[in-house]
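Here is how the chains run, residue by residue.
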Amino acid sequence: MNLIAELEKLLSGLHADLPGVSSLAGLDELQTVYLGRKGALARLMGRLPELSPADRPAFGKAANAVKEEMVSLFAQRRKVYQTQAEDAGLARFDPSLPGRLPGQGTLHPVTLVMEEICRILVNLGFETVNGPEVETDFNNFQALNFPPDHPARDMQDTFFVREGVVMRTHTSPMQVRAMLEKGKPPVAVIAPGKVYRRDSDMTHSPMFHQIEGLLVDENVSLAHLRGTLTFFLRELFGPQVKVRFRPSFFPFTEPSLEVDMSCILCKGTGQRVIGRGGKEPCRVCKSSGWLEILGAGMVDPAVFTAVGFDPECSGFAFGLGVERVAMLKYGIDDLRNFFESDLRFLKQFI
Ligand code: FA5
């Protein structure tokens, strides 16, 4: 049989085979049989050298025409199957079903509390400043009146990066940075951020958040500090909160204070009501009725001197632990919950 006749036979063969195919996969298979690299058409075209040079152009032309027709036959058939598959999909699609919304994230409870604290303090006139978490020993300790080897450094178990460089143990170095930057009073800043200490238990975490506050101006007194912090805590926890100030020690404030507020869980009574009229000792304040909430004091003249301010300046500073505030606000008794990324916990704070 001459080769052109074989081409025609091949094409009729395809016409005969196509109706027997019932799926896209079957169609792919048949396409490989006819049009694959080693398929029937390729094999036939490989026989070109059998023809005399004079017959070759006619065969080439016929082979191309057959190939085109085969490609088009397969394409038409494929379209039929695709349309059928789409129709089947549409038949299963119920346009009256409600859409699926993408999962919505929530702000972390520590972020929520941090934002609320900053909002209250910014409304009082403080400006928010930010600084690095890797800090010089000078800013973190020395300028804050912690000389090298001073025992007060032990209160803040430090991660050292290298000689003279630490992970900041508190946000107080921002006092130094803010005063150096402003150059002279007045300074009224708050500095929220992460801090690091070698601590880890139910109420201590190696990374936690603090917010520092600093006011330097003329004639700033302890009364201003007291009024500011009492107002702040009542805004944050409610007007019923009682606030008390106890003497304490920080190298960078004199006098230094620890600020307590009445326990919001037992309302300062030391006892929590359980069941019908029953009572049990409050675990959160250990029955004392008071909770330690922040450290504060009047800026020590040594700090003013370290940053080139007149040591006769007056100012107050305070620093609070954000996780502790969040624990009280949301009644959480283990601080580690904040860092475990458990969505069941985190989703409760929308
Ligand atoms: C300070 O860090 C001082 N810089 C605060 C200060 C600022 C005093 C300005 C005076 C003037 P203290 O080490 O007490 O102080 O820490 C402050 C608060 O951070 C604590 O009351 C507590 O709420 C929180 N805190 C301390 N260590 C941890 C920890 N490991 N995990 C979580 N919170 C902590």
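Side note on the site of the ligand
The environment of the ligand is formed by 23 residues, the closest being His170, Ser172, Arg197, Ser205 and Arg324. Within the contact set of the ligand, a nitrogen atom lies 2.8 Å away from a side-chain nitrogen or oxygen of Ser172. Take Arg197: an N or O atom from its side chain is 2.8 Å from an oxygen atom of the ligand. Contact with the protein chains covers 94% of the free accessible surface of the ligand, which is 680 Å². Elements with a contribution of two residues or more to the shell around the ligand: strand S6 (207-217), strand S11 (290-299) and strand S12 (314-321).

Digging into the side chain of Gln175
Among the structural elements, Gln175 can be located in helix H7 (residues 173-182). Dropping the residues within four chain positions of it, Gln175 is found in contact with Leu144, Glu212, Leu214, Phe252 and Ala317.

Comments concerning the pattern of salt bridges
On inspection of all chains with the given rule, the structure shows 12 salt bridges. Among the ionic pairs, Arg47 bridges to Glu6, the shortest N-O distance being 3.4 Å. With a gap of 41 residues between them, Arg47 in the loop between helix H3 (40-45) and helix H4 (56-92) and Glu6 in helix H1 (residues 3-17) connect regions that are remote in the sequence. Glu6 gets classed as partly exposed once you look at its relative accessible area, which sits at 23%. A salt bridge links Arg246 to Asp260; its shortest N-O distance comes to 2.7 Å. On the criterion of sequence distance, the pair formed by Arg246 in strand S7 (residues 243-250) and Asp260 in strand S8 (residues 253-262) is long-range, its members being 14 residues apart. Its relative accessible area of 29% is what places Arg246 among the partly exposed residues. Among the charged side chains, a network of salt bridges with common partners joins Arg244, Arg246, Asp260 and Glu292.

Some words on the packing of helix H5 (residues 109-123) against helix H10 (residues 322-330)
Where H5 meets H10, the axes come as close as 9 Å, and the angle between the chain directions of the two elements is 100 degrees. Accordingly, the angle class assigned to the pair H5 and H10 is roughly perpendicular. From H5, Pro109, Val110, Leu112, Val113, Met114, Glu116 and Ile117 reach across to H10, where they touch Val322, Glu323, Val325, Ala326, Lys329 and Tyr330. Residue composition of the contact of H5 with H10, by class: 10 nonpolar, no polar and 3 charged.

Side note on helix H2 (residues 24-35)
Taking 1.5 Å per residue, 12 residues should reach 16 Å; H2 reaches 16 Å between its end C-alpha atoms and fits that length. Along H2, the residues that are buried comprise Leu27, Leu30 and Tyr34. For H2, the angular spread of the buried residues around the axis is 65 degrees, confining them to a single face. In this structure, H2 carries Ala25, Glu29 and Thr32 as exposed residues pointing more than 90 degrees from its buried face.

Remarks on the sheet that holds strand S2 (residues 134-136)
Pairing is antiparallel across the open sheet formed by 3 strands, whose spatial order is S2-S4-S3. Two strands bound the open sheet, and with one partner strand each, they are S2 and strand S3 (160-162). With direction set aside, neighbouring strand axes in the sheet form an average angle of 35 degrees. Alignment of S2 against strand S4 (residues 165-167), held across 3 bridges, turns out to be antiparallel. Paired with Thr136 across the strands is Val165, a residue of S4.

A short note on the nonpolar core
Membership of the largest hydrophobic core comes to 45 residues, with the highest contact counts inside it found for Ile117, Ile211, Phe232, Phe237 and Ile293. Taken together, the elements giving at least two residues each to this core come down to H5, helix H8 (222-237), S8, S11, S12, H10 and helix H11 (343-346). Ranked by residues supplied to this core, first place goes to H5 with 7 residues. For Phe232, the residues in contact, after removing those within four places along its chain, are Ile117, Ile120, Leu121, Leu294 and Leu320.

Some thoughts on the sheet that holds S12
Strand order in the open sheet formed by 7 strands is S1-S5-S6-S12-S11-S8-S7, and the pairing between neighbours is mixed. Here the strands that pair on one side only, and so sit at the sheet edges, are strand S1 (127-128) and S7. In terms of strand pairing, S8 meets S11 through 8 bridges, oriented antiparallel. In the strand pairing of S11, Ser256 is matched with Gly297. Along the sheet, H7 makes contact with S1, strand S5 (187-196), S6 and S12, crossing S5 at roughly 140 degrees.

Quick notes on H7
Restricting attention to buried positions, one finds in H7 the residues Pro173, Met174, Gln175, Val176, Ala178 and Met179. Contacts from the buried residues of H7 go to S2, helix H6 (137-140), S5, S6, helix H9 (301-306) and S12.

Calculation rules
Numbering of residues starts from 1 in each chain and follows the order in which that chain's sequence is written. With the structure being a predicted model, the display of local features is reserved for residues of pLDDT at least 70 and the display and counting of side-chain atom pairs for 80 or more, all residues being used for whole-chain, interface and lining totals. Calculation of side-chain values draws on the structure's entire complement of heavy atoms; hydrogens and water are dropped beforehand. Proximity is defined per residue: any heavy atom of the residue falling within 4 Å of a molecule or strand makes that residue near it. By the criterion applied in these results, polar contacts are pairs of N or O atoms within 3.5 Å in which, for protein atoms, one can donate a hydrogen and the other can accept it, and in which residues neighboring in sequence qualify only through two side-chain atoms. What sets the accessible areas is the Shrake-Rupley method with a 1.4 Å probe; for residues, cover comes only from the shown protein chains. By definition, any uninterrupted DSSP run of H or I lasting at least four residues is a helix, any uninterrupted run of E lasting at least two residues is a strand, and each is numbered from the N terminus. Only heavy atoms enter the contact rule, under which two residues are in contact if any of them lie within 4.5 Å. For salt bridges, the criterion is a side-chain nitrogen of Lys or Arg within 4 Å of an Asp or Glu carboxyl oxygen. Three labels apply to residues, based on accessible area from a 1.4 Å probe with only protein chains included: buried if under 20% of the type maximum, exposed if over 50%, partly exposed otherwise in between. Every axis corresponds to a line fitted to the C-alpha atoms, with the helix fit spanning only the stretch in contact, and the corresponding angles, defined between N-to-C directions, vary from 0 to 180 degrees. Working definition: roughly parallel below 35 degrees, roughly antiparallel above 145 degrees, roughly perpendicular at 65 to 115 degrees, and oblique for all remaining angles. Under the scheme applied here, ten amino acids are nonpolar (Ala, Val, Leu, Ile, Met, Phe, Trp, Tyr, Cys and Pro), four are charged (Asp, Glu, Lys and Arg), and all others, including Gly, are polar. Any helix carries an expected span of 1.5 Å times its number of residues minus one. Within this analysis, the arc is defined by the directions that extend from the helix axis to the C-beta atoms. Any two strands between which DSSP finds at least two bridges are classified as paired. Nine residue types can take part in a nonpolar core, namely buried Ala, Val, Leu, Ile, Met, Phe, Trp, Tyr and Cys, and a core is a set of them joined through side-chain atoms within 4.5 Å.

None of this, on its own, says anything about what the molecule does.
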